[in-house]
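Listed here are the chains, written in short residue letters.
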Amino acid sequence: MAMLARFSKPRNYIYLCRITRNFTSVSAPLLNKPFKTPFQVRWVATPVETVAGFDEMVTGTQRKYYMLGGKGGVGKTSYAASLAVKFANSGHPTIVVSTDPAHSLSDSFAQNLTGGILVPVEGVDSPLHALEINPEKAREEFRTANQRSGGSGMKDFMDSMGLGMLADQLGELKLGELLDTPPPGLDEAIAISKVMQFVESQEYSMFTRIVFDTAPTGHTLRLLSLPDFLEASIGKMMKLKKKLASATSAFKSVFGKEETRQDASDKLELLRERMAKVRDLFRNSDTTEFVIVTIPTVMAVSESSRLLASLRKESVPVQRLIVNQVLPPLASDCKFCAMKRKDQMRALDVIRSNPELGSLRLIQAPLFDVEIRGVPALKFMGDLVWR
């Protein structure tokens, strides 16, 4: 027998919930606007065995990092935002960061987060701050700073990243033109710098959960592999520097006197230690988890399989796989819907038969018939999915 429950919310926010054996339909408010008529949202009640295991995720006060990523357009931002809201409402001061150059975190929260700084999010029980890293804005700032400071804008940025010594050496070698434009991988470099800030700064010590809405697959893999690349490169530079420090006066002009050489070595060693700290953080299964988000199509599942293989290669912990936009069992004669669900079931079978994907905790998330936008809607989504 179906049950009808009615829940009243402030400002005419009314929820209607009809629970049947196979599916649940819920009406939710038109986001950010009071309304008089309920607005229907229908979703699939996921099987008990596919719950996300949120109790494990929320336990303990040790800081934990969650990265959500996958193919573009699969819903990473919505699930990152809803997880951040869920953490905050569970008593964890939380930061959610978008490292995707094509940001949509502002859209998810229905709030302007484009300033490149942490912005408080209203409507949650514990502090929740959001940040969109904006590489395009950073590039423009670098160009402007270069013009105003005679070419030192990029050097200032490299100083902030602990790379100022390298900028000095490029300048002494008359290679200052290399500093006129941001280097390849700037997006990932800025994201890494933010991770360093969260790890090392007392300013962020109160936050016990940090959620990353990552860029599509390729950018994310570059982000995760960057610490290894930089650490290896710095190690090679240090070895090369030791071999060539006393070779010629040309190299002496680069590395300076003995005291300068020692100072440069200390800076390189410090940077290598910071890179190693970030690398170890990405690989620490006690504090970090990468959650793959996909949709139930064979093409998307194939990319998720390749992503998982790459994450395993980088030793990044992965435990959960969200399959978004799953259709409910049909109660109508809609032929298109029947074909679509059949296609989705085929994709789910591919996941279950894949030895690697099949070993993850599978979370089947529903297809909503309205946009999930604003804190009330994200809470609604999170209560359904993060269980």
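Being a predicted model, the structure only gives us computed values, none of them experimental.

Chemist: Hey, could you run me through the confidence of the model for the protein in this one?
Modeler: Low-pLDDT portions of the prediction should not be read for the details of their coordinates. Within the protein, residue pLDDT values average 75, and 65% of them lie at 70 or more. Averaged pLDDT values for the elements of the protein fall to 34 in strand S2 (residues 13–19) and rise to 97 in helix H2 (residues 76–89). Across residues 1–49, confidence stays below pLDDT 50; counting only partners more than four residues off in sequence or on other chains, it has 100 contacts. Here residues 169–179 is a poorly scored stretch, pLDDT under 50, and it has 13 contacts once near neighbours within four places are set aside; other chains count.

Chemist: Sorry if this is basic, but what is going on with the environment of Met381 here?
Modeler: Examined against the element boundaries, Met381 turns out to sit in helix H13 (residues 375–385). Taking C-alpha positions, Met381 is 6.5 Å from Ser82, a pair spaced 299 residues apart along the chain. Among residues more than four places away in sequence, those in contact with Met381 are Ser78, Tyr79, Ser82, Phe368 and Ile372.

Chemist: What is the right way to look at the pairing of strand S5 (residues 64–69) in this model?
Modeler: Consecutive side chains along a regular strand alternate between the two faces of the sheet. Across the six residues of S5, six count as buried, placing the element largely inside the fold. Neither face of S5 is left uncovered, since the one carrying Lys64, Tyr66 and Leu68 and the one carrying Tyr65, Met67 and Gly69 both have all their residues buried. As judged from the five bridges shared by S5 and strand S9 (residues 209–213), these two strands associate in the parallel manner. In the sheet register, Leu68 faces S9, and the bridge partner there is Asp213. As paired elements, S5 and strand S10 (residues 288–294) share five bridges and run parallel to each other. Residue pairing for S10: Met67 is matched across the bridge by Phe290.

About the thresholds
- Counting of residues starts from 1 at the beginning of each chain's written sequence and follows it residue by residue.
- Residue-level local features of this predicted model are given only where pLDDT is at least 70; pairs of side-chain atoms are given and counted only at 80 or more, and the full residue set underlies all totals for whole chains, interfaces and linings.
- Only hydrogens and water are removed before side-chain values are computed, so all heavy atoms of the structure are retained for them.
- One confidence number per residue, pLDDT, is output by the predictor and ranges from 0 to 100.
- Every helix listed is a DSSP run of H or I at least four residues long, and every strand listed is a run of E at least two residues long, numbered separately from the N terminus.
- Contacts between residues were defined by any pair of non-hydrogen atoms, one from each residue, lying within 4.5 Å.
- Buried residues are those whose accessible area, probed at 1.4 Å on protein chains only, stays under 20% of the maximum for their type, while exposed residues exceed 50% and partly exposed ones sit between those limits.
- Any two strands with at least two DSSP-identified bridges between them are counted as paired.

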